[in-house]
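So you can see what is in the structure, the chains are spelled out below.
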Amino acid sequence: MLLCMQYMWRKRTKRILLFTALPILLAFTLAAILIVADGLTDDIHAADVAIVPGNTVEKDGRPSARLRARLDQTVALYRQGLFPNVIVSGGVGSEGFDEAEVMKRYLIENGVPEGSIHVDSGGATTYLTARNAARMMRENGWQSAMVVSQYFHVPRMRLALKRSGITPVFSAHAQYFELRDIYSITREVIGYGAYLLRADY
């Protein structure tokens, strides 16, 4: 009798866990699909400034392939005349390099005039990049912005800018894909939800 009750209890517990976990998993998967679809759908229009968030810098001081893809896309759009200014934003990574300064140097080497590049060395997070970029835009009288980042990061960056008072915000994703994107997409689902709930913009 006791064994039968234990079996029934375990079976009931598994059923409850299944019916609890399944909706959460479905919601998470749907959110991931929406983030990917949104990030891959470029919204390219003329803007006052492009905002490029930082990323990993290699130990030799060169931008990582991921960061280089963001910068290459920025250069291509700049050459099309879509924006006259660029904000490069980042912090000092574990390699000891200021991401924003590395980004600035790369843009100059690829034909973007130094006077068009504005450095934010305090953008260690998406939130700080958005807040600092919004302040710089207000100081310069700029209204519209174009985010240039990885596709999975674009929606959260755009959300953070809008919450910081910037509108319109356009976007273009970097032409770079890797296996690590699976982890990044998972992180962005959680990150986007957290940014939706933030009250300190």
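Predicted model only: the values in this text are computed from it and were never measured.

Draft legend 1. Examining the pairing of strand S5 (residues 169-173) more closely. Most of S5 sits inside the fold, with 5 of its 5 residues counted as buried. The side-chain alternation of S5 yields two buried faces, one formed by Val-169, Ser-171 and His-173 and the other by Phe-170 and Ala-172. One ladder, built from 5 bridges, connects strand S4 (residues 145-149) with S5; its direction is parallel. Across the sheet, the residue bridging to Met-146 is Phe-170, located in S5. Taken together, S4, helix H5 (residues 154-163) and S5 form a β-α-β motif whose crossover is right-handed.

Draft legend 2. Layout of the nonpolar core. Leu-71, Leu-77, Phe-83, Val-86, Val-88, Leu-107 and Met-146 are the most contacted members of the largest nonpolar core, which totals 24 residues. Secondary structure elements with two or more residues in this core: strand S1 (49-53), helix H2 (65-79), strand S2 (85-89), helix H3 (99-109), S4 and S5. Residues within four places of Leu-71 in sequence aside, it is in contact with Val-52, Pro-63, Met-103, Tyr-106 and Leu-107. Within the second largest apolar cluster, 19 residues are counted, among which are Tyr-127, Ala-133, Leu-159 and Val-169.

Draft legend 3. Representation of the packing of aromatic side chains. Counted by the stated rule, this structure contains 3 aromatic pairs. Ring plane angle 75 degrees and centroid distance 5.2 Å describe the contact between Tyr-151 and Phe-152, whose orientation is recorded as edge-to-face. Phe-152 shares its class with Tyr-151; the two are buried. Among the aromatic residues, ring-to-ring pairing joins Tyr-151, Phe-152 and Phe-177 into one connected group. The aromatic ring of Tyr-127 is capped on one face by Arg-198, whose charged end is 3.9 Å from the ring centroid. Across the ring face of Tyr-195, the terminal group of Arg-198 is positioned such that the distance to the ring centre comes to 5.5 Å.

Draft legend 4. Summary view of the pattern of salt bridges. For the structure shown, the criterion picks out 7 salt bridges. A salt bridge links Arg-62 to Asp-60, with the shortest nitrogen-to-oxygen separation between them at 2.6 Å. Among the salt bridges present, the one from Glu-188 reaches Arg-156, with a minimum N-O distance of 2.7 Å. One end of the pair, Glu-188, is in helix H6 (residues 181-197); the other, Arg-156, is in helix H5, with 32 residues separating them in the sequence. There is no split in this pair, since Glu-188 and Arg-156 are both buried. Counted as one network, the salt bridges with shared partners bring together Arg-156, Arg-187 and Glu-188.

Parameters at a glance
- Residues numbered from 1 in each chain as written.
- Predicted model: local features only at pLDDT ≥ 70, side-chain atom pairs only at ≥ 80, totals over all residues.
- Heavy atoms only, no water.
- Buried < 20%, exposed > 50% of the residue type's maximum accessible area, 1.4 Å probe, protein only.
- Helix = DSSP H or I, 4+ residues; strand = E, 2+ residues; numbered from the N terminus.
- Pairing = 2+ DSSP bridges.
- Right-handed = clockwise from strand over helix to strand, strands pointing away.
- Core = buried A, V, L, I, M, F, W, Y, C linked by side-chain atoms within 4.5 Å.
- Contact = heavy atoms within 4.5 Å.
- Phe/Tyr/Trp six-rings, centres within 6.5 Å; stacked < 30°, edge-to-face > 60°.
- Lys NZ or Arg CZ within 6 Å of the ring centre and 35° of its normal.
- Salt bridge = Lys/Arg side-chain N within 4 Å of Asp/Glu carboxyl O.

Function-wise, these values are silent; they only describe arrangement.
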